[in-house]
Amino acid sequence: MLFNSLEFALFFPIVTILFFMLPHKLRWILLLLASCFFYMFFKPIYILILFLTIFIDYFAGIWIAQTEDKKKRKRLLLLSIIANVGVLVVFKYFNFLVDNINVVLTSLHTTGKIPILNIILPIGLSFHTFQAMSYTIEVYRGNQKPEKHFGIYALYVMFYPQLVAGPIERPQNMLPQFHQVKKFNYENFRSGLILMAWGFFKKCVIADRLALFVNDVYGNAHAYQGIPIITATAFFALQIFCDFSGYSDIAIGSARCMGFNFMTNFDRPYLSTSISEFWKRWHISLSTWFRDYVYIPLGGSRVSKSKWYLNLLIVFTVSGIWHGANWTFMIWGFLHGMYLIIENQFYEKFPSLKNTQNNIAIFTKRFIVFFLACFAWVFFRAQNVSEALYLIKNSVVGIPSQINRIIQNIDYDRMYILYIKQTSVEFLITISVIIFLTIIHYSQSKLSFEKWLTKKNIFFRWGFYYLLVISFVCLGKFDRTEFIYFQF
């Protein structure tokens, strides 16, 4: 079920109302059934895959906690990890691996080829797989007691707000909350609805509007050069942020309405003044997952410099692969690993520049971070490596002549839409909502969006609510577009 759908507009209030009407001991049943219903809207049969891994991880957690033999504990943990990663490999990476093997076989003039599987990737597979693995790892480490209630554990993996695209929660945060008695709290409910509204605005008004321009260029990349490529790439950077953070806001807000607290997943990443800061603000639940379960076990930064740099490249390349079975995602992750290495070397040579706080320096740093992020986003968004390289190469081609045409006021309408096949009205609206988003981000420099709004007086708050609703109705794109991260 899509958050931006009529079905969810009915589903959410019904589930929330029933949640508070039912006694505590029955609420887990309601939420588990609702989560199953929510997930089965996409492809019902794939819920069996979810329950298979839930069954394995549930018993693995109990057996790990009951076993004192270290080798047996490791084998049980390995069983859980293999089960989860195995499902990912089969559904997400098998055909990618086979395609690459077949390319090698063809280059060797071998006639036989390995057949690919005719399967569809279960939606949100990478998210609930990582959440399930965090449970058994934490039980193995002794940081989490095994959950004896099978239904509660299943709910931890399947809780509908975060089921498809996170945040990827830890058992220490979520499992205790399912055991707590939740009473209706007006402040939680109000702030949850505000956060949901902001999420819907970012998705339907900003992200889906930006998608019009991005899809035009990236859907027919070889027809464009210069300004359109630069514009579409910058727009994609904003689109993917608004799309994914919008989903996170809706997920966090809908859970908060029932009294559940999720971790923050985004914190205005494009205001970062370094790549390291960017990754403390972007997809926080995933970056901390890789930090705790991959980076630190590899040795983190407490090793030789060469090993540290290797650890960074491994973690970010694997993070890229996590996003999708394509060389483009691997390159995207590798680039961010290289950014961090180069950034570290740069500040070692020029330490005084690291903490420079004047406005010009801050603006310059933010521009550099945004530029580097956009460069990497080209690989993330392109269909393949050759297309990404074409876009990068041709992004600087034809700009002088395009600017000259704009200055000479030739082709008036295209002057506004920068040679992308959308109307000038769409372009002006898009720029307006981007400016609006930027103002909001700068305004909440010390507080989250909902807390920032709560601090304002009643006239400002209700004026903002009305503005948000009117903008949503008048400017929103209501074509049931899937969230970008659903594919992962």
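Shown above is the structure to which this text applies.
Residues numbered from 1 in each chain as written. Predicted model: local features only at pLDDT ≥ 70, side-chain atom pairs only at ≥ 80, totals over all residues. Heavy atoms only, no water.

Moving on to the overall build of the chain. What the chain contains, in helices and strands, is 21 helices and 0 strands. Its C-alpha atoms give the chain a radius of gyration of 24 Å, within 12% of the compact-globule value 23 Å for 488 residues. Overall, the C-alpha framework of the chain stretches about 75 × 70 × 50 Å when taken along its three principal axes. Long-range contacts, defined as pairs at least 24 residues apart, comprise 74% of the intrachain contacts of the chain with a sequence gap of at least 6. About 23100 Å² of surface is accessible on the chain, with carbon and sulfur atoms providing 67% of the total. Computed over 45 positive and 25 negative side-chain charges, the inter-centroid distance for the chain is 7 Å. (Helix = DSSP H or I, 4+ residues; strand = E, 2+ residues; numbered from the N terminus. Rg over C-alpha atoms; globule rule 2.2 N^0.38 Å. Contact = heavy atoms within 4.5 Å. Areas by Shrake-Rupley, 256 points an atom, 1.4 Å probe, with all protein chains shown as cover. Lys, Arg positive; Asp, Glu negative; His and termini not counted. Charge placed at Lys NZ, Arg CZ, Asp CG, Glu CD.)

Bringing the packing of aromatic side chains into the picture now. To describe a pair of aromatic rings, you give the distance between the ring centres and the angle between the ring planes. Across all of its chains, the model carries 67 aromatic pairs by this definition. Ring centres of tyrosine 270 and phenylalanine 370 lie 5.2 Å apart, and the angle between their planes is 85°; on these two criteria the pair is classed as edge-to-face. With a gap of 100 residues between them, tyrosine 270 in the loop between helix H10 (227-257) and helix H11 (275-281) and phenylalanine 370 in helix H15 (residues 359-381) connect regions that are remote in the sequence. Judged by its relative accessible area of 14%, tyrosine 270 is buried. With relative accessibility at 22%, the residue phenylalanine 370 sits in the partly exposed group. Note on phenylalanine 375 and phenylalanine 379: the rings are 6.2 Å apart at their centroids and 65° apart in plane angle, and the pair reads as edge-to-face. Separated by 4 residues within a single helix, phenylalanine 375 and phenylalanine 379 lie in helix H15, roughly one turn from each other. Phenylalanine 375 sits in the partly exposed class, given a relative accessible area of 30%. Across from the ring centre of tryptophan 322, 5.4 Å away, lies the NZ or CZ of lysine 92, which sits over that ring. (Phe/Tyr/Trp six-rings, centres within 6.5 Å; stacked < 30°, edge-to-face > 60°. Buried < 20%, exposed > 50% of the residue type's maximum accessible area, 1.4 Å probe, protein only. Lys NZ or Arg CZ within 6 Å of the ring centre and 35° of its normal.)

Okay, the layout of surface pockets next. Think of a ball as big as a water molecule: rolled over the atoms, this probe shows where empty space is left. Estimates place the volume of the largest pocket at around 830 Å³. Listing elements by their share of the lining of the largest pocket, those giving two or more residues are H11, helix H12 (284-295), helix H13 (305-323), helix H14 (327-349) and H15. Take the lining of the largest pocket: its biggest share by element is 6 residues, from H12. By residue class, the composition of the lining of the largest pocket is 11 nonpolar, 11 polar and 7 charged. (1 Å grid on protein atoms, 1.4 Å probe; cavity = no way out; pocket = protein on both sides within 12 Å on 5 of 7 lines; lining within 4 Å. Points joined across faces, edges and corners; volume = space filled by probe spheres on them. Nonpolar A, V, L, I, M, F, W, Y, C, P; charged D, E, K, R; others polar.)

Between its terminal C-alpha atoms H14 stretches 33 Å, which fits the 33 Å expected from 23 residues at 1.5 Å a residue. Structurally, the start of H14 carries an N-cap: the backbone nitrogen of threonine 328 is 3.1 Å from a side-chain oxygen of asparagine 326. (Expected span 1.5 Å × (residues − 1). Polar contact = N/O pair within 3.5 Å; in protein donor to acceptor, adjacent residues only side chain to side chain.)

What follows deals with empty space enclosed by the protein. Under the counting rule described, the total for this entry stands at 2 cavities of 30 Å³ or more. Looking at the largest cavity, the residues that line it are Ile49, Leu50, Thr53, Asn84, Val87, Leu125, His128, Thr129, Ala132 and Val157. Breaking the lining of the largest cavity down by element, the ones donating at least two residues are helix H3 (47-66), helix H4 (70-107) and helix H5 (125-141). The greatest single-element share of the lining of the largest cavity, amounting to 4 residues, is contributed by H5.

Further remarks concern the nonpolar core. Counting residues in each nonpolar core, the largest one holds 135 residues, and the members touching the most others are Phe8, Phe159, Tyr270 and Trp377. The element that contributes the greatest number of residues to this core is H10, accounting for 16 residues. The contacts of tyrosine 270, once residues within four sequence positions are left out, are Ala237, Leu238, Ile240, Phe241, Phe278, Trp282, Arg366, Phe370, Ala373 and Trp377. (Core = buried A, V, L, I, M, F, W, Y, C linked by side-chain atoms within 4.5 Å.)

Everything listed here is a matter of coordinates, which is why it stays silent on function.
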